[in-house]
Amino acid sequence: MARPLSLRALLALRRGTSGAPANSVTWPQRPSGPVIWFHAGQNDLAAAGLSLMAEFRAEGEAATLLLTSNVRAQVAGDAGRTITLALPDDRSEDAALFARHWRPDVLIWTGGGLRPRLLDHCRDPRLTKILIDSPGDPPLVDAGGPLLPGVTRALLDLFDEALCTNDERAAFLVRSGLPQDRIRRMNPLQQIPPVPPFIESDRQDMARALGTRPVWLCVDPSEAEIAHVIAAHRQAVRRAHRLLLIIAAADPDAVLPALREDGLDVAQRKAGEEPTFNTDVLLADLGELGLWYRLAPMTFVGGTLDGQPGRDPFEAAALGSAVIHGPSEGGFGERFHALHLAGASYQIDRGEQLWLGVVGLLSADRAAQFAHAGWDVATRGAETLSYLTERLREAVDGSGR
C-alpha cells in the first residue's frame, strides 16, 4: 500500500525528534501463534477487550491478547495469554519497532487518537485492522504537533472497516475520509459479565417452595447496610405481607446475628433449609447468584450505600432482575449510569430510602418494565462481541502466518 504524500510529509517532520529507543528493550518476546492487538483508547474499554478474548477462546481458539493503552492499564487477564503495555511515544523510533516486534494478526483500535507513525507501520495487508468509534472519543488523530491536510484521511484508509454507534458518527467518519462501504453501525462495545450459572432443578424446586410469594434480593451487602436492608424489608412487608427477602452474602454467618436480633425468621441455605410460610429471610452465600437473580424480580446491589459494590449490576440486569442501588458506584460507574439513563434502575441517595425502591418495584408491571430496559442495556454489546469474534476467526484463519 503506497504511503500518501500527506503522511510522508508528517513523518518527515517528525523524523529525528526523539532519541534512541527506550521501551523496546523491556518488551517480552512475541509469543508463538496468533496475536490479537486490542488498543483501549479509554480505560473502561480494556475490560471489553478481555470479554472479547474470552468469547474467542471459549470457541476453542488459541491466541494471545496484546492489550495496549495510552497509560499502562491494570487489568486481570489470563496468565501468560494477556500482555499489557503502554503505547510507545509516536515520535520515537519505538513506534516502528513496536509493530515489527509484535507482528499482530488483528488490530482493534478503540479510540484515544490515531498514532500516525505507529499505524503507518501497520500496512501489512495480512493484518486485519478494525476501528471502533464512539461519541465520547477524542479527536481522531493524536497529532502531537502540526497536522497536515489529508493525514486523517490517510490514516483512516488503513482500516479495513470501522464500527460506530450512530448515524452521526458514521457521517463524521465519511467526512473524515473513510469510504461509506467500510462503515458498519453496531451497538457500543462493552464488557459482558459472565452469566452466573444455576441448576434448573434447583430453580424449579425453589419456585415451587416460593409459590406466589413476592421476592426481593439483596446481593453482597456491607456490614453497615444490613440495618438498612432489615428496615426496608420491615417497611415493604406492610404493603406485601408475604414478601420474602433473599440475602446472598459473602459471609452469611456474619449477617445472621443481626437478622435474629431483629426477630426475623431466617432459613439458612447452607443448612439445607427451605423457606416456609413464616420465613422472612432466606440467607445464602454468593455461590448461587444465577439462581437468585432468576427468581427475584428486583435486586439491591450491596456496597452502593456504604462501601464499594462488589458485584457488576449488569449481572442482575442481564438475568431480568431490576436493579436498586445507592450513590456509591465503585468501578461500575459506567454500568450504573447506563442503567439509570435507560430507566432501568432505581437509585436512592441514602439507606433510609431503600424501602422506597423495594415498594416502588412491587408492582409486577413496573418491575418488568425496569427489568426489560435493564436487559436491553446489559446485553446490547453481545451482538458487537459476536461480530468481532467472527472477524477474529476469519482474520486468524486467513492471515497465513
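## Notes on the overall build of the protein chain
- A tally of helices and strands in the protein chain yields 15 helices and 14 strands.
- Residues classed as buried in the protein chain amount to 51% of the 401 residues present.
- Sequence-distant contacts in the protein chain: of pairs separated by 6 or more residues, those separated by 24 or more amount to 68%.
- Surface accessibility of the protein chain: about 17,800 Å² in total, with carbon and sulfur atoms responsible for 50%.

## Focus on the pairing of strand E6 (residues 161-164)
- Neither face of E6 is exposed, since Glu-161 and Leu-163 on one face and Ala-162 and Cys-164 on the opposite face are all buried.
- With four bridges joining them, strand E5 (residues 128-133) and E6 adopt parallel strand pairing. Within the sheet, the bridge partner assigned to Leu-131 lies in E6 and is Ala-162.
- Two elements, E6 and strand E7 (residues 183-185), share three bridges in a ladder whose sense is parallel. For Ala-162, the partnering residue across the bridge sits in E7 and is Ile-183.

## Some remarks on the pattern of salt bridges
- A full pass over the atoms with the stated rule returns 20 salt bridges.
- Two residues, Glu-161 and Arg-391, come together in a salt bridge whose shortest N-O distance is 2.6 Å. Highlighted residues: Glu-161 in strand E6 and Arg-391 in helix H15 (residues 382-398), separated in sequence by 230 residues. The burial state of Glu-161 is the same as that of Arg-391; both residues are buried.
- Two residues, Arg-208 and Asp-205, come together in a salt bridge whose shortest N-O distance is 2.4 Å.

## Digging into the packing of aromatic side chains
- Overall, the coordinates contain three aromatic pairs when judged by the stated rule.
- A ring pair is formed by Trp-37 and Phe-98, whose centres lie 5.3 Å apart and whose planes are at 55°; its orientation type is tilted. Highlighted residues: Trp-37 in strand E1 (residues 35-39) and Phe-98 in helix H3 (residues 94-102), separated in sequence by 61 residues. Each member of the pair, Trp-37 as well as Phe-98, is classed as buried.
- Summarising the aromatic geometry, the rings of Trp-37 and Trp-109 are spaced 6.1 Å apart at their centres and angled 75° between planes, so their arrangement reads as edge-to-face. Placement of Trp-37 in strand E1 and of Trp-109 in strand E4 (residues 106-109) is noted, with a sequence separation of 72 residues between them.

## Concerning the confidence of the model for the protein chain
- With 86% of its residues at a pLDDT of 70 or more, the protein chain shows a mean pLDDT of 86.
- For residues 16-24, every residue scores under 50 in pLDDT, and the model assigns this stretch 12 contacts once sequence neighbours within four places are set aside.
- A low-confidence stretch, residues 143-149 (pLDDT under 50), is modelled with 14 contacts involving residues beyond four sequence positions or located in other chains.

## Quick notes on the sheet that holds E7
- Here seven strands make up an open sheet; going across it, the order is E3-E2-E1-E4-E5-E6-E7 and the pairing parallel. In this open sheet, the two edge strands, each paired with only one partner strand, are strand E3 (82-86) and E7. Strand-to-strand twist of the sheet, defined as the mean angle between neighbouring strand axes without regard to direction, takes the value 20°.
- Bridge count between E1 and E4: four bridges; the pairing is parallel. When the bridges of E4 are listed, Phe-38 appears paired with Ile-108.
- Strand contacts of helix H2 (residues 45-58): E1, strand E2 (64-69), E3 and E4, with the helix running at about 170° to E2, the strand carrying the most contacts.

## Things to note about the environment of Leu-45
- Inspection of the secondary structure assignment puts Leu-45 in helix H2.
- Overall, the relative accessible area of 12% leaves Leu-45 in the buried class.
- C-alpha of Leu-45 to C-alpha of Gly-111: the two residues are 66 residues apart in sequence and 9.6 Å apart in space.
- Residue contacts for Leu-45: discarding those within four places in its chain leaves Phe-38, Ala-40, Thr-110 and Leu-189.

## Focus: the pairing of E5
- Most of E5 sits out of view: six of its six residues are buried.
- Across the two faces of E5 the burial is the same, with Thr-128, Ile-130 and Ile-132 and Lys-129, Leu-131 and Asp-133 all buried.
- Pairing of E4 with E5, which is carried by four bridges, proceeds in the parallel orientation. Counted as the bridge partner of Ile-108 is Ile-130 from E5.

## Re unusual backbone geometry
- Of note in the backbone geometry, Arg-103 takes a positive phi value of approximately 45° without being a glycine.
- Within the secondary structure, Arg-103 sits in the loop between H3 and E4.
- Judged by relative accessible area, which is 42%, Arg-103 ranks as partly exposed.
- Even without glycine at this site, Asp-220 takes up a positive phi of about 50°.

## Concerning helix H6 (residues 167-176)
- Every buried residue of H6 is accounted for by Arg-169, Ala-170, Leu-173 and Ser-176. Mapping the buried residues of H6 onto a view down its axis gives an arc of 125°, with all of them on the same face. Exposed positions of H6 whose direction lies more than 90 degrees from the buried face are Asp-167, Glu-168 and Arg-175.
- Those residues of H6 hidden inside the fold are in contact with E5, helix H5 (151-156), E6 and E7.
- For H6, the side-chain oxygen to backbone nitrogen distance between the N-cap and Glu-168 is 3.2 Å, and the N-cap itself is Asn-166.

Criteria and thresholds
Residues numbered from 1 in each chain as written. Predicted model: local features only at pLDDT ≥ 70, side-chain atom pairs only at ≥ 80, totals over all residues. Heavy atoms only, no water. Helix = DSSP H or I, 4+ residues; strand = E, 2+ residues; numbered from the N terminus. Buried < 20%, exposed > 50% of the residue type's maximum accessible area, 1.4 Å probe, protein only. Contact = heavy atoms within 4.5 Å. Areas by Shrake-Rupley, 256 points an atom, 1.4 Å probe, with all protein chains shown as cover. Pairing = 2+ DSSP bridges. Salt bridge = Lys/Arg side-chain N within 4 Å of Asp/Glu carboxyl O. Phe/Tyr/Trp six-rings, centres within 6.5 Å; stacked < 30°, edge-to-face > 60°. pLDDT = per-residue confidence, 0-100. Axes fitted to C-alpha atoms, helices over the stretch in contact; angles between N-to-C directions. Arc of directions from axis to C-beta. Polar contact = N/O pair within 3.5 Å; in protein donor to acceptor, adjacent residues only side chain to side chain.

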